[in-house]
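# An overview of the molecular structure
Here are the chains, one letter per residue:
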Amino acid sequence: MATGATLLTDHPFRRPHLSTLLRSSNIPSFHPLRISIRINRLRPNFRCSIAEGSTALSPSKGSAPSSIVDCVVIGGGISGLCIAQALATKHSDVAPNILVTEARGRVGGNITTVERDGYLWEEGPNSFQPSDPILTMVVDSGLKDDLVLGDPDAPRFVLWDGKLRPVPAKPNDLPFFDLMSLGGKIRAGFGALGIRPPPPGREESVEEFVRRNLGDEVFERLIEPFCSGVYAGDPSKLSMKAAFGKVWKLEKNGGSIIGGTFKAFQERNKANKPPRDPRLPKPKGQTVGSFRKGLAMLPNAISTCLGSKVKLSWKLSSISKMDDGGYSLTYETPEGLISILSKSVIMTVPSYVASTLLRPISVTAADALSKFYYPPVASVTISYPKEAIRKERLVDGELKGFGQLHPRSQGVTTLGTIYSSSLFPNRAPDGRVLLLNYIGGSTNTEILAKTESELVEAVDRDLRKIIINTNAEDPLLLSVRVWPQAIPQFLIGHLDLLDAAKAGLREAGMEGLFLGGNYVCGVALGRCVEGAYEAAAEIAGFLSKKVYK
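Right, let's walk through the structure included here. In this text the structure is predicted, and so the values were computed from the model without any measurement. (Residues numbered from 1 in each chain as written. Predicted model: local features only at pLDDT ≥ 70, side-chain atom pairs only at ≥ 80, totals over all residues. Heavy atoms only, no water.)

### What about the overall build of the protein?
- Within the protein, the secondary structure is distributed over 16 helices and 23 strands.
- A burial count over the protein gives 59% of its 549 residues as buried. (Helix = DSSP H or I, 4+ residues; strand = E, 2+ residues; numbered from the N terminus. Buried < 20%, exposed > 50% of the residue type's maximum accessible area, 1.4 Å probe, protein only.)

Shown next, in the form of structure tokens:
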């Protein structure tokens, strides 16, 4: 839920303290308990930067494999599709023949856009930060004209002491925002300058790092709800190094957060930065993005670009290493058993799925992958008439803003709420407000035992404490989506487990078999796209050096 889809790139210190706090919009790969509404398949015509042409693959039925491909991408979620698209657009010289295989009958993984009765909503990721890598993917997939960006000035709120308080959006907001006391601001400032206890010499949790560097108020009022919103996680268990590595490196490299920031600026200015791609849009301010018909447009557009390179309803049953260094993969497909030979493989399925598939190859890798934790999260999408919103929450008669996050200490169950109809156009009929709410996570796994009605009642009860009139009519329920294994938690020891999994594959001689996806690169949708370009470059580097018989 990023409350998500966040974040290794969308960390809370990009703007003063936690201005990215409410980017609870980047949900990672989930496996839903049920789908309550049929997903609209968005299959418009796109102009792609790669030819759709047919792949060189001609798979054969039965046990006899056919011609070899350069790379098989296992998993047709956003990570897998973007890796394939990056290979096709950036590395076609070494990987002209690629294949994406997806066990389900559709692409997109956790990205789930639904349109019905004048409403358009998301049940997985809600939006993304428009960084250059994701904008490059958008342009290469033919979606530039369908890109929609939120208002960069839309406020984000945190609930504290019964009141929604805005998060500072720019430096001159810092002295005036009332989410923190004057003493808390002073403590955070001194800590950021390096006047605080030294690092303990061991891996710190997010809570330990933030309390030590920035004080209790920053943690309790900003970081704790941010972790709930992005990871649906417990900051006392999340690893600072793994979950927010860029911020962790600031102190490590510069002696303090401020010192590290200045050092990073200096290094960036010294580096020879290539010119920005002139094709890319230029977003204004710290905004978020989506598409005219929702996030599902992106995976569908990439799939259209890749054409016959994408195979749906292909369930991988076995993978083995061949004597010549390549891989043999056997799939259960609607056409029967099909075997594929490939020079390289990247697995972008959730770690627990990869664990099962890789156990016959490496018990060490499988054991490490099985230890990553994915807590349950539910998205509850409901609508109220505009007059149900409390007058004090309206600006010029409208509910303005990105949304709100709720610290666990504030007596509400819901993790956060996104103002979907305020964020992007044409998401709800006139006179209606569309709200996307998240509930569950590491600190509330009991949602799996709740009925749909109980989850809706809990959300409605919380909203009536905050933004909805207590005597308002019952909300219109559009969807309840429960994800039993939602966001991978970057807990203390996460990077060690990932290293152990990779080492296990190396020890088993599995050179050319790569691990990818959100548990590897980060949970934000944007970070998954950035990680896809990184993974594609790694695969291309391997293929360019490998000599096959």
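### Topic: the pattern of salt bridges
- Evaluation of the coordinates by the stated rule reveals 24 salt bridges.
- Measuring nitrogen to oxygen at the nearest pair gives 3.0 Å for the salt bridge that ties Arg 527 to Glu 534.
- Relative accessible area serves as the criterion here: at 12%, Arg 527 is assigned to the buried category.
- A relative accessible area of 45% places Glu 534 in the partly exposed class. (Salt bridge = Lys/Arg side-chain N within 4 Å of Asp/Glu carboxyl O.)

### Concerning the environment of Pro 199
- Relative to the assigned elements, Pro 199 resides in the loop between helix 3 (182-193) and helix 4 (206-214).
- Given a relative accessible area of 47%, Pro 199 falls into the partly exposed group.
- The spacing of Pro 199 and Lys 252 is 53 residues in sequence and 8.9 Å in space, taken between C-alpha atoms.
- Beyond its immediate sequence surroundings of up to four residues, Pro 199 is in contact with Arg 212 and Glu 251. (Contact = heavy atoms within 4.5 Å.)

### Notes on the sheet that holds strand 23 (residues 513-515)
- Taken in spatial order, the 5 strands line up as 11-4-3-15-23 in an open sheet, and their pairing is parallel. Looking at which strands have only one partner, the edges of the open sheet turn out to be strand 11 (310-312) and strand 23. If you compare each strand with its neighbour and ignore which way they point, the axes differ by 20° on average.
- Of the pairings in the sheet, the one linking strand 3 (residues 71-74) to strand 15 (residues 345-347) comprises 3 bridges and is parallel in character. The residue bridging Ile 74 from the neighbouring strand is Met 347, located in strand 15. (Pairing = 2+ DSSP bridges. Axes fitted to C-alpha atoms, helices over the stretch in contact; angles between N-to-C directions.)

### Comments concerning the sheet that holds strand 21 (residues 432-440)
- Ordered by their spatial adjacency, 7 strands build an open sheet running 9-8-19-20-21-16-22, and the pairing between neighbours is mixed. Strands at the two margins of the open sheet, each flanked by one partner only, are strand 9 (163-166) and strand 22 (476-483). Within this sheet the neighbouring strands show an average axis-to-axis angle of 25°, counted without direction.
- Where strand 19 (residues 403-405) meets strand 20 (residues 416-419), 3 bridges bridge the pair, whose relative direction is antiparallel. Its bridge partner lying in strand 20, Gln 404 is registered against Thr 417.
- Each of strand 8 (156-160) and strand 19 touches helix 5 (residues 216-230); the most contacted strand, strand 8, lies at about 110° to it.

### Some words on the side chain of Ser 383
- By secondary structure assignment, the location of Ser 383 is in strand 16 (residues 377-385).
- In this structure, Ser 383 is in contact with Tyr 119, Arg 432, Val 433, Pro 475 and Leu 476, ignoring residues within four places of it in sequence.

### A closer look at the packing of helix 1 (residues 78-90) against helix 2 (residues 132-140)
- Two numbers describe how helix 1 lies on helix 2: the axes approach to 11 Å, and their chain directions differ by 75°. Compared by their axis directions, helix 1 and helix 2 come out roughly perpendicular. Where helix 1 approaches helix 2, its residues Cys 82, Gln 85, Thr 89 and Lys 90 are matched on the opposing element by Thr 136, Met 137 and Asp 140.
- Its residues placed into classes, the contact of helix 1 with helix 2 shows 2 nonpolar, 3 polar and 2 charged. (Parallel < 35°, antiparallel > 145°, perpendicular 65-115°, else oblique. Nonpolar A, V, L, I, M, F, W, Y, C, P; charged D, E, K, R; others polar.)

### So, the packing of aromatic side chains
- Scanning the model with the defined rule gives 8 aromatic pairs in all.
- Geometrically, the ring pair formed by Phe 128 and Phe 291 is tilted, given 5.6 Å between the ring centres and 40° between the ring planes. Taken as a pair, Phe 128 in the loop between strand 6 (119-122) and helix 2 and Phe 291 in strand 10 (residues 289-291) lie far apart in primary sequence, 163 residues in all. The pair Phe 128 / Phe 291 is uniform in exposure class, with both members buried.
- Consider the rings of Trp 314 and Tyr 331, whose centres lie 5.2 Å apart with planes at 50°: the pair is tilted. Here Trp 314, found in the loop between strand 11 and strand 12 (315-321), pairs with Tyr 331, found in strand 13 (residues 327-333); they are 17 residues apart in sequence, far enough to count as distant.
- Members of the aromatic cluster, joined through ring pairs, are Phe 226, Tyr 231, Phe 244 and Phe 490.
- When the ring centre of Phe 157 is taken as reference, the NZ or CZ atom of Arg 393 above it lies at 4.7 Å.
- A cation over a ring is seen here: Arg 481 above Trp 483, with NZ or CZ 4.4 Å from the ring centre. (Phe/Tyr/Trp six-rings, centres within 6.5 Å; stacked < 30°, edge-to-face > 60°. Lys NZ or Arg CZ within 6 Å of the ring centre and 35° of its normal.)

### Details of the pairing of strand 5 (residues 113-116)
- In terms of strand pairing, strand 5 meets strand 6 through 4 bridges, oriented antiparallel. The residue bridging Glu 115 from the neighbouring strand is Leu 120, located in strand 6.
- Count of turn residues in the strand 5/strand 6 antiparallel hairpin: 2 residues, of which Asp 117 carries a positive phi of about 50°.

### A short note on a nonpolar patch on the surface
- Together, Leu 182, Ile 186, Phe 190, Leu 193 and Ile 195 make up a nonpolar patch on the protein surface, roughly 530 Å² of accessible area in all.
- By the secondary structure assignment, Phe 190 is in helix 3.
- Phe 190 sits in the partly exposed class, given a relative accessible area of 44%. (Patch = residues over 30% accessible without salt bridge, like charges linked within 9 Å, V, L, I, M, F, W, Y side chains within 5 Å. Areas by Shrake-Rupley, 256 points an atom, 1.4 Å probe, with all protein chains shown as cover.)

### Side note on a positive patch on the surface
- A cluster of basic side chains, namely Lys 241, Lys 246, Lys 249, Lys 252, Arg 268 and Lys 273, defines a positive patch on the protein surface.
- The dominant element in the positive patch, judged by the number of residues it contributes, is helix 7 (residues 245-254), at 3 residues.
- Within the fold, Lys 246 resides in helix 7. (Lys, Arg positive; Asp, Glu negative; His and termini not counted. Charge placed at Lys NZ, Arg CZ, Asp CG, Glu CD.)

### Remarks on the nonpolar core
- Residues Ile 83, Leu 87, Ile 98, Phe 291, Leu 306, Ile 346 and Ile 539 are the most contacted members of the largest nonpolar core, which totals 46 residues.
- Counting residues per element, the ones that place at least two in this core are strand 3, helix 1, strand 4 (98-102), helix 2, helix 9 (297-306) and helix 16 (525-545).
- Among the elements that line this core, the one with the most residues is helix 16, at 10 residues.
- Ranked by size, the runner-up nonpolar core spans 44 residues in total, among them Tyr 231, Ala 243, Leu 250 and Phe 490. (Core = buried A, V, L, I, M, F, W, Y, C linked by side-chain atoms within 4.5 Å.)

### Concerning helix 16
- Here helix 16 spans 31 Å end to end across 21 residues, near enough to the 30 Å set by a 1.5 Å rise per residue.
- Of all 21 residues that make up helix 16, 15 are buried, and the element is covered over most of its length. (Expected span 1.5 Å × (residues − 1).)

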